[in-house]
Each structure stands twice: as structure tokens, then as C-alpha cells.
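Letter by letter, the chains look like this.
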Amino acid sequence: GWKRKEVIRIPVSGPGSGKGTQCAKIVQHFGYTHLSAGDLLREEIKSGSENGTMIQNMIKEGKLVPSELTVKLLQRAMNESGNDKFLIDGFPRNEENRVAFESVIGIVPEFVLFFDCSEEEMERRLLSRNQVKHVLCVPNGNFHVLSVSSTILCVFYLSSIYLPASFFSCLKGREDDNIETIKKRFKVFMESLPVIEYYNSKEKVRKIDAGKPVEEVFEAVKAVFTSSYD
Ligand code: UP5
Ligand code: MG
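Within any chain, residue numbers begin from 1 and follow the written order of that chain's sequence. Going through the entries in the order they are written, you letter the chains from A and number the ligands from 1. In keeping with the model being predicted, local features are shown solely for residues with a pLDDT of at least 70 and side-chain atom pairs are shown and tallied solely at 80 or more, while totals for entire chains, interfaces and linings include all residues. As a rule here, side-chain values come from all non-hydrogen atoms in the structure, and water together with hydrogens is ignored.

A. Focus on helix α6 (residues 119-129). To sort residues, take the accessible area from a 1.4 Å probe on protein chains only and compare it with the maximum for the residue type: under 20% means buried, over 50% means exposed, and anything in between is partly exposed. Helix and strand definitions follow DSSP, with helices as H or I runs of at least four residues and strands as E runs of at least two, each counted in order from the N terminus. Every buried residue of α6 is accounted for by Glu121, Met122 and Leu126. All buried residues of α6 project into a common sector of 130° when viewed along the axis, lining one side. Seen from the buried face of α6, the exposed residues on the opposite side, beyond 90 degrees, are Glu120 and Arg124. Throughout, the arc means the angular range of directions from the helix axis out to the C-beta atoms.

Spelled out as C-alpha cells, the structure:
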């Protein structure tokens, strides 16, 4: 059983609507533990777990991995955090996810943030996340790739000149940030609508206009967090 007094807030929204970006800012201001279901699944792939290949294939297709697995990863991360305030990012994505989470973890979210953003804007953001914008080359032999928000900066010690991004087309960000997978992710996102509807019927949904610049969106997010008492 779950003994501490837990507070859970869930941002459910479309791919590229800014869940991860806003969660990072919420963590800085309000001290939550941020758990992105997608990040936990990607870590599971990297860790070489027995489920890794299956998860990787599903993410490439934009499909949802079985609830049991995602819930297990979330539960483990919650237990390991030592915190009792969680932001669960990108989960639950359908009714089955929600029911599995509630029956295993036994708690319900305090409120649910819905980042409302047009598909056009989400697509633009996801495609630009995957673009290498600048490649800096300086003499030497080492090679670093740094991910800096929507830019992948590649510092390649070779010669001291800037090269166009297209030169390093081999460097990719997220495997699911290509137009084919993005279209599939949008379709699968439609499965999340009944969950949002469910939370709406419980008056838990706080809708945010997420099509604006990051700081403006955060102002609206902050207002939701400061108006709730905890
Ligand atoms: N950006 C952010 N905010 C911006 C703003 N206001 N203005 C301009 N640009 C903005 O942002 C995306 C990009 O946009 C970034 O480059 C950012 O700088 C810029 P981000 O904050 O990363 O958006 P986010 O909503 O987090 O987008 P993400 O791509 O992470 O959303 P998804 O929901 O697609 O990805 P997730 O990692 O949650 O899931 C991936 C896959 O895992 C799923 O497709 C599925 O296959 C699997 N999955 C499950 O199976 N089950 C789960 O429960 C969860 C995931
Ligand atoms: Mg994310």
C-alpha cells in the first residue's frame, strides 16, 4: 500500500505539445518529481532489459506498450524517488492505462493538465527537435553530441569551421520524431481523448493554451498550480 500523502498531477496532451518542457519548469518552481512514461520506456530500452526490443518497436510505430509494463516502471520510479509529489507526464494514454494505474498504485491525480495545441504546431516542434542546427568543428580527435533544447549541437573536433546540419544527417534525436511516426502518434493520441473526458467529468482537467511561447504557457501553468492548495 501507499502510505504517504501523495499528490499527483498529470499532464496528458499530444506529442510535442510541451509536456516535458513545462514539467521541467514545474519541477524548478514547485518541487515535484517528474516522471515521463516515455522517458522511462526509453531508459528501459537503453538498459538492455528483456522488454527493450518490444518497447523500441512499439515506440517506432507510435503504439502504446502494455499498461502493466508502464505502470511497473512508474511504480518503481515513484518508490525510488523518496518524494510524495509527482508529475506523471504522458500517462495514462487510454482508459486501460488509467484503470491499471489506479488499481496498482491506488491513488488518483489531484488534477490533470491538458496542453491544448494544434496538430500543425506540434508537428512543427517535433520535426524541428530532430534537426541538427549547427555543427561546430575544431581541431582534435574527440566527438561530443550535446542536446540543447530543440537543437542538437555537435562539437566535432576536426577542423575549426562550421558545417551545415545536413552534413551530419546520421545524427538523429528521437527515433519517433520522423513524419511517418509522428502521424501515427497523432492517431494514437486520439485514444487519449476518452481519458481526458473521464477526468473532465470528475472536474480534474485544467486546460492550457499550449500553442504560445514557452514562458507564456508556463505563466498559465503556474496559475493553475498556485491556485490549488497543497
Ligand atoms: N517546445 C516545447 N514547448 C514549446 C513552445 N511553447 N513553443 C515552441 N516550442 C516548444 O517539446 C517538444 C519540442 O517542442 C521540443 O523541441 C521543445 O523544445 C519544443 P516537449 O516538451 O518535448 O513536448 P512533449 O509533449 O513532451 O513531446 P513528446 O515528444 O515527449 O510527446 P510524446 O507524447 O509523443 O512522447 P512520450 O515520450 O510521452 O511517448 C513516446 C512514445 O512512448 C509513445 O508514442 C508510445 O509509443 C510510448 N508510450 C507508451 O507506450 N505508453 C505511455 O504511457 C507513454 C509513452
Ligand atoms: Mg515528452
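B. Expanded view of the environment of arginine 93. Along the chain, arginine 93 falls in the loop between β3 (85-89) and α5 (95-105). Throughout, a contact is declared for two residues whenever any of their heavy atoms are within 4.5 Å. The residues contacting arginine 93, other than those within four sequence positions of it, are Leu64, Glu191, Ser192 and Val195.

C. Just the state of the cysteines, in detail. Throughout, a disulfide means two cysteine sulfur atoms within 2.5 Å of one another. Considering all chains together, one arrives at zero disulfides under this definition. Of the cysteine sulfurs around cysteine 23, a residue in no disulfide, the closest is that of cysteine 117, at 15 Å. With relative accessibility at 12%, the residue cysteine 117 sits in the buried group.

D. Highlighting the confidence of the model for the protein chain. Scored by pLDDT, the protein chain has a mean of 83; 75% of the residues are at 70 or more. Long-range and interchain partners of residues 136-160, a stretch whose pLDDT sits below 50, account for 60 contacts in this model, where long-range means more than four residues apart. Here the predicted complex carries an ipTM of 0.99, next to a pTM of 0.85. For every residue, the predictor reports its confidence as pLDDT, a number between 0 and 100.

E. Local environment of the site of ligand 1. Definition of nearness: a residue and a molecule or strand are near each other if at least one heavy atom of the residue lies within 4 Å of the molecule or strand. The full set close to ligand 1 counts 32 residues, and Thr21, Lys63, Arg93, Arg129 and Arg185 are the nearest of them. A 3.5 Å cut-off defines polar contacts: any pair of N or O atoms within that distance qualifies, except that in protein one atom must be a possible hydrogen donor and the other a possible acceptor, and neighbouring residues in sequence count only when both atoms are side-chain atoms. Separating an oxygen atom of ligand 1 from a side-chain N or O atom of arginine 129 is a distance of 2.7 Å. Between a nitrogen atom of ligand 1 and a main-chain N or O atom of lysine 212, the distance comes to 2.8 Å. Protein chains shield 90% of the accessible area of ligand 1, which is 1,000 Å² for the free molecule. Put simply, the parts of the chain that give the shell around ligand 1 at least two residues each are α1 (19-30), α2 (37-46), α3 (52-60) and α6. Examining the composition of the shell around ligand 1, we find that four residues originate from one element, α2, more than from any other. Think of it as three bins: nonpolar holds Ala, Val, Leu, Ile, Met, Phe, Trp, Tyr, Cys and Pro, charged holds Asp, Glu, Lys and Arg, and polar takes everything else, Gly as well. Taken together, the residues of the shell around ligand 1 sort by class into 11 nonpolar, 11 polar and 10 charged. Only the protein chains shown count as cover for residues, with accessible areas throughout obtained via the Shrake-Rupley method and a probe of 1.4 Å.

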